[in-house]
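So the chains spell out like this:
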Amino acid sequence: MDESLIVGENCLKQSFSQNPNSCPIESHNNCLYLQNRLAKRYIGKLDVICPRQFERGQGYEEGETSGFVNCDFKGKIKQVDYHLENSFCLQVVKCLFEPFGCNYTCLKSITQDHLISNMQLHFNLVIKSFNALKQNIQQYQEEIKKLNLENERLKVELKLKGKKDEKQQLEQNQKDIL
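First, a word on what this report is: a plain description of the structure on this page. (Residues numbered from 1 in each chain as written. Predicted model: local features only at pLDDT ≥ 70, side-chain atom pairs only at ≥ 80, totals over all residues. Heavy atoms only, no water.)

1. A closer look at the overall build of the chain
Condition: Secondary structure elements follow DSSP: runs of H or I of four or more residues count as helices, runs of E of two or more count as strands, with numbering from the N terminus. Accessibility here uses a 1.4 Å probe with only protein chains present; expressed as a share of the type maximum, an area under 20% marks a residue as buried, one over 50% as exposed, and anything in between as partly exposed. By definition, residues are in contact when any of their heavy atoms lie within 4.5 Å. Computed with the Shrake-Rupley method and a 1.4 Å probe, the accessible areas treat only the protein chains shown as cover for residues.
The number of helices and strands found in the chain is 5 helices and 4 strands. Written out in order from the N terminus, the α and β elements of the chain read α-α-β-β-α-β-β-α-α. Residue burial in the chain is summarised as follows: out of 178 residues, 17% are buried. In the chain, the share of contacts with a sequence separation of at least 24, taken over all contacts with a separation of at least 6, comes to 43%. Of the roughly 15,100 Å² of accessible surface on the chain, 54% is carried by carbon and sulfur atoms.

Structure representation (structure tokens):
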């Protein structure tokens, strides 16, 4: 080809993974490509809006649509990945209290509403988890006490056996001397 084409890195990688050693532009083998740092720098500075700006999100209950919510992100193209991973308001997230048993998922933008309106539920889940942990700790402490007592008993038995063996050895030595 006489012209250079600019192709997104992810698109090119996807094309190669689906069609190994085959050019995505026209049919020929041993396709050569390179990264153009200058083009990459200019492209990274382009102003863009969120590519998912007009997606419908999930509502308060899993699977329920909440109507139309849009994302107002405007920034540089190189900031889009960070935005989508960290601050995208239509991102579906799990409740912060999931480790305690809350299975709620919602849009990142309404997480705060869920946390505030379900404070008592979350408090109860934490207390329930705390009590279960407390009970486990008590059981382990009781088991440790039993094991320590058993350990002490075995030490005493071993000491007594050692003294008995020592006594028998002395008696044997006396018999041998006589």
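2. Comments concerning a nonpolar patch on the surface
The condition that has to hold: Residues enter patches when they are more than 30% accessible in relative terms and free of salt bridges; like-charged ones are connected within 9 Å and nonpolar ones (Val, Leu, Ile, Met, Phe, Trp, Tyr) within 5 Å. A carboxyl oxygen of Asp or Glu within 4 Å of a side-chain nitrogen of Lys or Arg is what we treat as a salt bridge.
Among the surface-exposed residues, I6, I43, L46 and I77 lie close enough to one another that they form a single nonpolar patch of about 360 Å² accessible area. Residue position: I77 is located in the loop between β2 (74–76) and α3 (80–87).

3. As for the environment of L84
Inspection of the secondary structure assignment puts L84 in helix α3. On the accessibility criterion, L84 (15% relative accessible area) is buried. Here the alpha-carbon distance between L84 and R52, two residues 32 residues apart in the chain, equals 8.6 Å. Apart from residues lying up to four places away in sequence, L84 is in contact with C50, P51, R52 and Q91.

4. A word on the nonpolar core
Our working definition: Take the buried Ala, Val, Leu, Ile, Met, Phe, Trp, Tyr and Cys residues and link them wherever side-chain atoms come within 4.5 Å; each set so joined is a nonpolar core.
Counting residues in hydrophobic clusters, the biggest one holds 8 residues: C95, C102, Y104, C106, L107, I110, L115 and L125. Formed by 6 residues, the second largest nonpolar core is a distinct cluster that contains C50, C71, F73 and L84.

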